[in-house]
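Here is how the chains run, residue by residue.
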Amino acid sequence: MNIRGFIPKVNEMRLGLLLTLLSFLIFAANFQVLSVISHKMFDLNFQVRGAVAGKRDVVVIAIDQKSQDTFGRWPWTRTVIAGVIDRIARGNPKAVGLDIVFSYPEERPDFILAQQLFAKAPPVGPFRSALEEALHNANADQRLAAAIKNAGNVVPGYFFFTDPGEVKSLRMNFEDDYRIIKHSRFASIKYPPSGRRDFPVVTAAGVKPNIKAITDSAPATGYFNMVPDADGTLRKVTNVIQFNGKYFPSLSLQTLGLYLGGAPKIVFSDGGVEGFEAGKTFISSNEVGASYINYYGGEEAFPAVSIADLMGPGYDSPEALEKLFKDKVVLVGATAIGIYDMRVTPFGIQPGMMVHANFIQSILDGRGLKRANWFLIFDALSIAVLGIGLTLSMRRLKVFGGLLLALILMAAYVLFQYYLFAEKNTLLDVLYPLITIAMVYGGIAFYKYFLEAREKQYVKKAFGHYLSPAVIGKIMEDPGKLKLGGETRVLTASFSDIKGFSTISEGLTPDALVELLNEYLTEMTDIVMENQGTLDKYIGDAIVAFYGAPLHYDNHAELACRSALLCQKRLKELRGKWKEEGRPMVEARLGINTGPMLVGNMGSHQRFDYTVIGDEVNLAARLEGINKQYGTYICISENTRNAIGNAFAVRELDLIRVVGRSTPVRIYELVDFSGNITDAVRQWLRSYEAALGLYQARRWEEAIAAFEEAIALNKEDGASWTCIKRCRIFMQTPPEPDWDGVFSHTAK
């Protein structure tokens, strides 16, 4: 790919779509590090929600430290467990799950001795009968099997070996073990209409079941293997494991089946495991058969009854036992430190038995968490919608506005997924949508920043020669203030030209002329820029400037007039310097006009200037030339006069019609700042104003006398001399009776 050719084609829309696609690819790749972060964000839902209060249908019977103090260190003889099951059965629970495995026959010394004596006992007689009774009482395995069979609703647990390497090192033959648990497999399997039979579920390499006598005495058995996520936290119950080509349910699922009155069934779809059925209840799962656990809280969420207390006098009556167990699910397992399997959960470390309790209770309460396969499609759509929506919005927003929108979208999505979690027991992946929002905003914001920096560099380069640094700084703070291209705006244009420049240039060498001109242009341009003026161009010795663009300000007419007066003041100072240096005296005339003008970048694609054009601009140029006719140095239009208010002293010169413009314009001389006017100047202006009134009233002789009085007050009053000459002409050739006072100039 031609990178140089591609970069100019990048815009906010394309960049946003590209980043959205990248987010989708990251989502599809399912990087482990991101999965861990996603899981941690899932855990935050539990922390925000807190523990769930309410009744409990699950009762936990604990092999705790108190029980060990009573019955000795674990493992106990199985007759104790048998007694526990007998007592639980008297309370009429619906199902009992044993988070314990009895994988080897118990070898009790009294049982071995009774066997030996029984082998040598006479065939009949009281001694043999006594040995038979002793042998029965000492057979702990048969005692436990009998208790399980009599209860009729006990589910013993077992475990699978899922590591083939571990199985290989054990060198075990699992054929007999498989036959022991074979009847505990899923009796009913619902395959998809496509007939697919191979599914990505956890596969076991070996099994460690209960001994045959115990397994055969139970209506069902279930494995208690648990598979934590990559960060070690247990968030799901693995409810199906494949072994020897068959599918086996978990201890939780088998216990639920007994409670709900139906052996668990597994339901497949083309995407994998869809879920499980227990009675009339459907239990959702992911594609590998793992169901999310809706934890009710920490270990204290399910208060455990110690076996020591259960077997004590407090629970020796049917009433007490039924109050505790009737129609409940009972889980028996270890909670004592050192003998229970520690599990990391979103609420901290808990015994594995508590994980079963949380899962079973959530299903019974209808609070089982749902994370179906099609939620992947929803996540993908969320990425697309958020990415594209933010991209479209960022085209109309600035960086800060986009940041606010991105934060709002993030907060809204987090709250939305929390609402689904807390109220609908539904899981959404929050990480990847947030990544999408962050990437799209960050990428477009960086692009906008880069583009803005490029615009600022462009502004600095393009306008550095004809804008003051202060104005450039304001534009670069907000390049949007600079609207490139043509637009009509009310501005003030200024034209200045050196008086008698041709004569001056003839008397100087080229080098001296360039030196003088450069000094003059530099000094005058600095004043223009200091007053926020924009230098349009130099035309030989002429300076063309305008005020009010590219940055808009309302007092552009005042700034133009201020700049003109300061230029004249500085020029007077320079004339003193140049006189001492023996250089020519330079005087300049200025024309200023305010009105609507077309301003913008104009020219070709290869070369253009930021300039102003229009009839009002041309008038400013004409007013500069008009100064010659009135002996003035700064001539302004009526529009400018009206815009500057009382900040300046002006005098009306005439009502004229300039070349190329049919509409007459009233013109004024910009005399000075109002604060600089002395009494003598004020008297001169009043005298001139009276004379001009006589002139406009066609009282020619009186006007001449009045203008002469004004000249007496100011010998340099060229406008009065012009009006005197014009009065004498009108005395000889009077104007038409309908003369409106307009004087038409025929020269530029």
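Residues numbered from 1 in each chain as written. Predicted model: local features only at pLDDT ≥ 70, side-chain atom pairs only at ≥ 80, totals over all residues. Heavy atoms only, no water.

## Details of the packing of aromatic side chains
- Throughout the structure, instances matching the rule amount to 35 aromatic pairs.
- Centroid distance Phe-24 to Phe-27: 6.3 Å. Interplanar angle 50 degrees. Geometry classified as tilted. One end of the pair, Phe-24, and the other, Phe-27, are both in helix 2 (residues 12–29), 3 residues apart, so they sit about a helical turn from each other.
- Ring plane angle 65 degrees and centroid distance 6.0 Å describe the contact between Tyr-178 and Phe-243, whose orientation is recorded as edge-to-face. (Phe/Tyr/Trp six-rings, centres within 6.5 Å; stacked < 30°, edge-to-face > 60°. Helix = DSSP H or I, 4+ residues; strand = E, 2+ residues; numbered from the N terminus.)

## Focus on the environment of Tyr-449
- Note that Tyr-449 resides in helix 18 (residues 431–463).
- C-alpha of Tyr-449 to C-alpha of Val-399: the two residues are 50 residues apart in sequence and 7.8 Å apart in space.

## Focus on the sheet that holds strand 13 (residues 281–284)
- If you trace the 4 strands from one edge of the open sheet to the other, you get 4-11-12-13, paired in mixed fashion. Each end of this open sheet is capped by a strand with a single partner; those strands are strand 4 (188–190) and strand 13. On average, each strand axis in the sheet is inclined to that of its neighbour by 25 degrees, with strand direction left out of account.
- Sheet analysis places strand 4 next to strand 11 (residues 265–269), joined by 3 bridges and oriented parallel. By the bridge assignment for strand 11, Lys-190 is matched with Val-267. (Pairing = 2+ DSSP bridges. Axes fitted to C-alpha atoms, helices over the stretch in contact; angles between N-to-C directions.)

## Details of the pattern of salt bridges
- Throughout the structure, instances matching the rule amount to 28 salt bridges.
- For Glu-587, the salt bridge is made with Lys-499, and the minimal N-O distance between the two is 3.5 Å. Note that Glu-587 is positioned in the loop between helix 22 (556–581) and strand 22 (588–603) and Lys-499 in the loop between strand 19 (487–498) and helix 20 (501–506), a separation of 88 residues in sequence.
- Its relative accessible area of 33% is what places Lys-499 among the partly exposed residues.
- One salt bridge in this structure joins Arg-583 and Glu-519, with 2.8 Å as the shortest N-O distance. Within this pair, whereas Arg-583 is found in the loop between helix 22 and strand 22, its partner Glu-519 is found in helix 21 (residues 510–530), the two being separated by 64 residues in sequence. For the pair Arg-583 and Glu-519, one class covers both residues: buried.
- Shared partners join several salt bridges into a network, and the residues in it are Lys-40, Asp-43, Asp-229, Asp-231, Arg-235 and Lys-236. (Salt bridge = Lys/Arg side-chain N within 4 Å of Asp/Glu carboxyl O. Buried < 20%, exposed > 50% of the residue type's maximum accessible area, 1.4 Å probe, protein only.)

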